[in-house]
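# A closer look at the structure
Here are the chains, one letter per residue:
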Amino acid sequence: MLSGALLFALTAEVGCTKQSLDNRKNEGFVEVALTWSGETPSGARIHFYPVSDAESAVPDGVDESVPEYRVVDCSASGWSGKLPVGTYRVIAYNTDAGNVDIRNEQDYEQAEIYVLPESGAAAASRAGECIAQPGNLMLTSKLEEGQLVVPFNDHVKVTAKPEPRVKSVELSFKVEGDVELVSGMLTGVSQALSCSDFKCHPDPCSVNFSVQPYSGEGDFNYEAKISVLDLVAPKASATHTVVLNLVANGTPYQISVDVTDLVNQFLQENGGNIPVEIPVPIPVRLEMIGNIPSVEVLPWDNTGSGSGSIGNAAGSGSADVL
């Protein structure tokens, strides 16, 4: 009986000692709640970036735990756990977005989400080295409460709201004559997006796309819906070009058309940015002139969407036999 009492006393003492040691760590308990503007994802990742805070003194007798970069995977609802006392900035995003990855992730200012190269199976069936089309990425670098301040031996709750970041370009094709549209490529696409300020990487890449029968209203035959992180800012002619693979009268051709002016017009109509919720409409006409296919960009108001027209900005291109 005595031995049992002694064992209980020793266990209680060890428990109290462990609890007291835990309370001497320079930590606080954090809850990060995640709310999503789009469809709730299967999971999330949160990066914590410590901010220098010279005024944050460690209480006497407390272990001096130093804030450092940390990354955690969690459920879509959020994360809870202990962090060293200090001030943090946060980057949070869903982990089930397709065809993207993160680089330079240990530096808040340099961290980027970038699009992966097109996979082998898809790339082998099309011409040109291109990036893939990104999936449903939702990302934020801000908390509703501003920065995360972790207090000593206390509890703090914050909320992050990752927003959709994938934009779209919608091509509509009016095809006349014995022309079959097969596939295409769009140039002037940004490969990467800054995690901290959401600005696109300025170096242009290209993305392949497939075409489908037209599903909207208007006098069109085909359409292509392309997902991108962003389009690079137009700097000169041919920044944005649509390259089309087609078959005319049984002969394969590749034909291209400059759509830079149309993209620039769309940017001007939307304050210099492409809204996530508004696709970039690009209407194109393909027709036979003699025995050679020809392509031109139609006025914007022919799409049945958007406001204004491109006027004299319509481009045209010529075909090369493959």
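Residues numbered from 1 in each chain as written. Predicted model: local features only at pLDDT ≥ 70, side-chain atom pairs only at ≥ 80, totals over all residues. Heavy atoms only, no water.

### What to know about helix α3 (residues 260–269)
Of the residues making up α3, those classed as buried are Thr260, Leu262, Val263, Phe266 and Leu267. Projection of α3 onto a plane perpendicular to its axis shows the buried side chains occupying an angular sector of 165°, all on one side. Its buried side turned inward, α3 meets β19 (251–258), β20 (280–289) and β21 (292–297). (Buried < 20%, exposed > 50% of the residue type's maximum accessible area, 1.4 Å probe, protein only. Helix = DSSP H or I, 4+ residues; strand = E, 2+ residues; numbered from the N terminus. Arc of directions from axis to C-beta. Contact = heavy atoms within 4.5 Å.)

### Let's talk about the sheet that holds strand β14 (residues 192–194)
Spatial ordering of the open sheet is given by β6-β7-β14, a layout of 3 strands whose pairing is antiparallel. The outermost strands of the open sheet, each flanked by one partner alone, are β6 (100–103) and β14. The mean inter-strand angle of the sheet, taken between neighbouring strand axes irrespective of direction, is 25°. Bridge analysis of β6 against strand β7 (residues 112–115) gives 4 bridges, and the strand direction is antiparallel. Looking at the pairing, Ile102 lines up with Ile113 of β7. (Pairing = 2+ DSSP bridges. Axes fitted to C-alpha atoms, helices over the stretch in contact; angles between N-to-C directions.)

### Brief notes about the nonpolar core
Grouped together as the largest cluster of nonpolar side chains are 53 residues, with contacts concentrated most on Phe173, Leu186, Phe209, Leu231, Leu244 and Leu246. Apart from the residues lying within four places of it in its own chain, the contact partners of Leu231 are Val169, Leu186, Gly188, Val189, Ser190, Cys200, His240, Val263, Ile274 and Val280. By size, the runner-up hydrophobic cluster in this structure holds 22 residues, among which are Val30, Val32, Ala76 and Val158. (Core = buried A, V, L, I, M, F, W, Y, C linked by side-chain atoms within 4.5 Å.)

### A look at the side chain of Thr241
Within the fold, Thr241 resides in strand β18 (residues 241–248). Residues within four places of Thr241 in sequence aside, it is in contact with Met185, Leu186, Thr187, Ser256, Val257, Asp258 and Val259.

### Points about the side chain of Ser183
Tracing the backbone shows Ser183 in strand β13 (residues 179–190). You can call Ser183 buried: its relative accessible area is 12%. With residues near it in sequence (within four places) discarded, Ser183 still touches Phe209, Val211, Val243, Leu244 and Asn245.

### Comments concerning the pattern of salt bridges
Taken as a whole and assessed by the stated rule, the structure comprises 7 salt bridges. Arg45 is paired through a salt bridge with Asp73; the nearest N and O atoms lie 2.5 Å apart. Of this pair, Arg45 sits in strand β2 (residues 44–51) while Asp73 sits in strand β3 (residues 70–74); the two residues are 28 residues apart in sequence, bridging distant segments of the chain. For Arg45, a relative accessible area of 26% translates into the label partly exposed. Glu112 is paired through a salt bridge with Arg103; the nearest N and O atoms lie 2.9 Å apart. Assessed through its relative accessible area of 16%, Glu112 is described here as buried. In this structure Arg103 comes out as partly exposed when scored by relative accessible area, which is 26%. (Salt bridge = Lys/Arg side-chain N within 4 Å of Asp/Glu carboxyl O.)

### Comments concerning the confidence of the model for the chain
Overall, the predicted model of the chain reaches an average pLDDT of 83, with 78% of residues at or above 70. Low confidence marks residues 1–21, where pLDDT is under 50. Its contacts with residues over four positions away, or in another chain, come to 0 contacts. Confidence over residues 302–315 falls short of pLDDT 50; this stretch has 26 contacts with residues more than four positions distant or in other chains. (pLDDT = per-residue confidence, 0-100.)

### Thoughts on the packing of aromatic side chains
For any pair of aromatic rings, geometry is given as the distance between the ring centres together with the angle between the planes. Inspection of the entire model under this criterion finds 5 aromatic pairs. Plain terms: the ring middles of Phe48 and Trp79 are 5.3 Å apart, the flat faces sit at 50° to each other, and that makes the pair tilted. With a gap of 31 residues between them, Phe48 in strand β2 and Trp79 in strand β4 (residues 78–84) connect regions that are remote in the sequence. Judged by its relative accessible area of 0%, Phe48 is buried. Taking 5.3 Å as the distance between ring centres and 40° as the angle between the ring planes, the aromatic pair formed by Tyr49 and Tyr69 counts as tilted. Of this pair, Tyr49 sits in strand β2 while Tyr69 sits in the loop between β2 and β3, and the two are 20 residues apart along the sequence. Tyr69 gets classed as partly exposed once you look at its relative accessible area, which sits at 22%. An aromatic cluster is present here, built from Phe48, Trp79 and Tyr88 joined pairwise through their rings. (Phe/Tyr/Trp six-rings, centres within 6.5 Å; stacked < 30°, edge-to-face > 60°.)

### Describing unusual backbone geometry
Look at Asn99: it is not a glycine, yet its phi comes out positive at around 65°. Looking at the element boundaries, Asn99 is found in the loop between β5 (86–94) and β6. Despite not being glycine, Asn104 has its phi angle at roughly 55°, a positive value. Take Asn104: it is sitting in the loop between β6 and β7. You can call Asn104 partly exposed: its relative accessible area is 44%.

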